[in-house]
Amino acid sequence: MPRATSGRFSRTHQSSVKSAAASSSSKNHNANEGTSAGVRNPIFNTERFGQHILKNPQIAQTIVDKANLRPTDKVLEVGPGTGNLTVKILEKAKNVTAVEMDPRMAAELTKRVQGKPEQRKLDIIIGDFVKADLPYFDVCISNTPYQISSPLVFRLLSHRPIFRVAVLMFQREFAMRLVARPGTELWSRLSANVQLYSKVDLVMHVGKNNFRPAPQVESSVVRLVPLDPPPPIKFEEFDGLGRIIFSRRNKMVHATFMAKGVIEMLEQNWRTWCSTQNKMIDDDTNMKGKVEEVLSSSGYSEQRAAKMTLDDLLKLLSAFHDEGIHFA
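Residues numbered from 1 in each chain as written. Predicted model: local features only at pLDDT ≥ 70, side-chain atom pairs only at ≥ 80, totals over all residues. Heavy atoms only, no water.

Engineer: Tell me about the pairing of strand β10 (residues 219-226), residues and numbers included.
Structural biologist: Among the eight residues of β10, six are classified as buried, and the element is accordingly described as predominantly covered. Across six bridges, strand β7 (residues 165-171) lies against β10 in antiparallel orientation. Note on β10: the bridge partner recorded for Ala166 is Leu224. (Buried < 20%, exposed > 50% of the residue type's maximum accessible area, 1.4 Å probe, protein only. Helix = DSSP H or I, 4+ residues; strand = E, 2+ residues; numbered from the N terminus. Pairing = 2+ DSSP bridges.)

Below, the structure written as structure tokens:
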């Protein structure tokens, strides 16, 4: 797996960024003046990385306050941009590791703390968060680049040792899916997967005009606290069930399992499980009948995924496992 590089920038690198930025600033400002969603960052082409810099200091302060930072905390920040959040985190935390994809913004962040006491408390990893080797951290704070929203959440939830809390900004629809409850329009496989391993709450909504450049969609901030210890559920199994159940979330569960390819996949998984358990396989096994029996006896055959709670999903998963039927 490719590793992200880390390091600080030299003055030579910084000055080249400065001259390039000045040229870019002039061109972009003149070309896009008077527009909103089309406005480019006057210094960096942040759209390339799906990143929009938070410019409202009050919102930045609220995000940091919601993390309840302690003087001993080591903080991971994803997508620091030019450091509007970073400098506020540095005021309260022991150390900050910032993961930034764009070397030019990382250079700007380095220059922002250069020669100040905060410089010794800041480490920068330049590269892709999804591929980077992450250090130990107590808290994660992120103004999340939109294209890594889902990978970021699940990378955090699988990180060990378990961190204490994360305060994360996402596009509003994604954030609302994270906090959605059963029976609501946005309750989904994403909601169930995240809420199985964490407690997620909505912190606040953030309007698009609080960013530079202004995105086309609104944003929201959520607070995520991983369950410690996590439930003893294999994620691949739970997610495999969710993949089937939520593929047709408003249909009856029975109809969803009877969809093309589902029974065949479950039978293949069952045969694999039998071989690993040294169990005899009956060639006349009626997998469709086995699935229907599980759904009927568990009471979920006529349920709809849109209304099934985490407990419902776990009970159904357990009922399938009792029959040796697995999803991964």
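Resuming the write-up.
Engineer: I'd like a description of the nonpolar core, backed by residues and values.
Structural biologist: Counting 58 residues, the largest nonpolar core has Leu156, Ile245, Phe257 and Leu316 as the members making the most contacts within it. Sorting elements by how many residues they give to this core places helix α12 (residues 310-322) first, with six residues. Leu109, Leu122, Ile126 and Met204 belong to the second-largest nonpolar core, a separate cluster that totals 29 residues. (Core = buried A, V, L, I, M, F, W, Y, C linked by side-chain atoms within 4.5 Å.)

Engineer: Can you break down the pattern of salt bridges residue by residue, with the values?
Structural biologist: Counted by the stated rule, this structure contains ten salt bridges. In this structure, Lys92 engages Asp65 in a salt bridge whose closest nitrogen and oxygen atoms are separated by 2.9 Å. One end of the pair, Lys92, is in the loop between α3 (86-90) and β4 (95-100); the other, Asp65, is in helix α2 (residues 57-66), and 27 residues separate them in sequence. The partner of Glu173 in a salt bridge is Arg177, and the shortest N-O contact between them spans 3.1 Å. Residue Glu173 and its partner Arg177 are located together in helix α6 (residues 172-179), separated by four residues, close to a single helical turn. The partly exposed category is assigned to Arg177, whose relative accessible area is 26%. Each of Arg189, Asp239 and Arg243 takes part in one network of salt bridges that share partners. (Salt bridge = Lys/Arg side-chain N within 4 Å of Asp/Glu carboxyl O.)

Engineer: Can you tell me about a positive patch on the surface, naming the residues and giving the values?
Structural biologist: Together, Arg248, Lys251, Arg304 and Lys307 line one region of the surface with positive charge. Here Lys307 lies in the loop between α11 (287-298) and α12. (Patch = residues over 30% accessible without salt bridge, like charges linked within 9 Å, V, L, I, M, F, W, Y side chains within 5 Å. Areas by Shrake-Rupley, 256 points an atom, 1.4 Å probe, with all protein chains shown as cover. Lys, Arg positive; Asp, Glu negative; His and termini not counted. Charge placed at Lys NZ, Arg CZ, Asp CG, Glu CD.)

It is worth stressing that arrangement in space is one thing and function is another; only the former is reported here.
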